[in-house]
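Descriptive analysis of the structure
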Amino acid sequence: MKYLFIGLALAGLLVVGCFWSRQAVTVRAEAVAAPLEEALEAFRAGDAAKARFLAAEAAVEWERNEKLLASLVSHERTNGIGQALEELALAPEEELGSRLAGTLRALRELAALERATARNIF
């Protein structure tokens, strides 16, 4: 009977760890996505300088959260987002809007990877 309880305790810890991981990735991805959303809105309003400033803030937030995200999610995904954030500073103004939208989409997909859906489990 003791082993049953130990097994149930371990299974419970694994489930709690999965939910914590999902929450950690979602919160950190949203922290980076928030300035990018504002940057995209500023760019669409015609303020490219403010958009670049907000994109730089998102890059700083990404650097702050990248290590934990990289430990919870595939490095292919995190490296791509980090590179995209770096490229935003050098992007030509005519490409800035599409690059902001693409980086924002990649961050949203990163958060969606951790959701408990049939596609992610199987």
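Look a little higher up for the structure.
Residues numbered from 1 in each chain as written. Predicted model: local features only at pLDDT ≥ 70, side-chain atom pairs only at ≥ 80, totals over all residues. Heavy atoms only, no water.

Let's talk about the environment of arginine 52
Defined as follows: Segments assigned H or I by DSSP are reported as helices when at least four residues long, segments assigned E as strands when at least two residues long, and all are numbered from the N terminus. Here, two residues are considered to be in contact whenever any of their heavy atoms come within 4.5 Å of each other.
Considering the arrangement of structural elements, one finds arginine 52 in helix 2 (residues 48-72). In this structure, the C-alpha to C-alpha distance between arginine 52 and leucine 36, residues 16 residues apart in sequence, is 9.4 Å. Once residues within four sequence positions are removed from consideration, arginine 52 is found in contact with Leu88, Ala89, Leu90, Ala91, Pro92, Glu93 and Leu96.

Considerations on a nonpolar patch on the surface
In plain terms, the rule: The residues that make up patches have over 30% relative accessible area and no salt bridge, and they are joined within 9 Å when like-charged or within 5 Å when they are Val, Leu, Ile, Met, Phe, Trp or Tyr. Accessible areas in this description were obtained via Shrake-Rupley with a 1.4 Å probe; residue shielding takes into account the shown protein chains only. By definition, a salt bridge exists where a carboxyl oxygen of Asp or Glu is found within 4 Å of a side-chain nitrogen of Lys or Arg. The rule is simple: take the accessible area with a 1.4 Å probe, protein chains only, and divide by the maximum for that residue type; under 20% is buried, over 50% is exposed, in between is partly exposed.
On the surface, a nonpolar cluster with roughly 480 Å² of combined accessible area is contributed by Met1, Leu4, Phe5 and Leu8. Locating methionine 1 in the fold gives a position in the segment before helix 1 (2-44). When its relative accessible area of 70% is taken as the criterion, methionine 1 is described as exposed.

Some details on the side chain of threonine 78
Along the chain, threonine 78 turns up in helix 3 (residues 75-88). Dropping the residues within four chain positions of it, threonine 78 is found in contact with Trp62, Glu66, Leu69, Ala70 and Val73.

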